[in-house]
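Structural overview
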Amino acid sequence: SSAEACCTFWFGSSAESECVSNVIVSVVSSPSDNTGATEEDIANQMLTKWYPVLEEGRCSNDGKMPSFMLFDGYAEWYLFDSLRACCGVFDCKDQP
């Protein structure tokens, strides 16, 4: 789960270098950061994160993100602690 792997997956190896140079990384807490938290606590925390609504060019924190965004290896690229962080990566139409 590196920027290179993500860029290659989404844009192919020929665009990897340009993609990597434009990556803004966001850190999402992982279960290892939540000592004593239950799986339900962690899931509930993830559902409060901001995520891109890709087809609409905006970010939301309504808990209705596509399930793939919750998977290991994807959450760190799609889930954010703030609207500003999400829009900073996904260039919202109505960026704060």
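Heads up: the structure comes first, above all this text.
This write-up is about the structure you can find in this document.

Right, let's talk about the nonpolar core for a bit. Counting 11 residues, the largest nonpolar core is built from Ala 3, Ile 42, Met 46, Tyr 51, Val 53, Met 65, Met 69, Ala 75, Trp 77, Tyr 78 and Leu 79. In terms of residue count, helix α4 (residues 75–78) provides more of this core than any other element does, three residues in total. When neighbours within four sequence positions are excluded, Met 65 is seen to be in contact with Met 46, Leu 47, Lys 49, Tyr 51, Leu 70 and Leu 79.

So, about the side chain of Ser 60. Mapped onto the elements of the fold, Ser 60 is located in strand β2 (residues 58–60). What makes Ser 60 buried here is its relative accessible area of 8%. At a separation of 3.2 Å, a polar atom in the side chain of Ser 60 contacts the main-chain amide nitrogen of Asp 62.

With that out of the way, let us pick up the pattern of salt bridges. This structure, assessed with the given rule, holds two salt bridges. Its salt-bridge partner being Asp 81, residue Lys 49 comes within 2.3 Å of it at the nearest N-O pair. Note that Lys 49 is positioned in the loop between α3 (39–46) and β1 (51–53) and Asp 81 in the loop between α4 and α5 (83–90), a separation of 32 residues in sequence. For Lys 49, a relative accessible area of 7% gives the class buried. Among the salt bridges present, the one from Glu 56 reaches Arg 58, with a minimum N-O distance of 2.5 Å.

Reading guide: rules and limits
Residues numbered from 1 in each chain as written. Predicted model: local features only at pLDDT ≥ 70, side-chain atom pairs only at ≥ 80, totals over all residues. Heavy atoms only, no water. Core = buried A, V, L, I, M, F, W, Y, C linked by side-chain atoms within 4.5 Å. Buried < 20%, exposed > 50% of the residue type's maximum accessible area, 1.4 Å probe, protein only. Helix = DSSP H or I, 4+ residues; strand = E, 2+ residues; numbered from the N terminus. Contact = heavy atoms within 4.5 Å. Polar contact = N/O pair within 3.5 Å; in protein donor to acceptor, adjacent residues only side chain to side chain. Salt bridge = Lys/Arg side-chain N within 4 Å of Asp/Glu carboxyl O.

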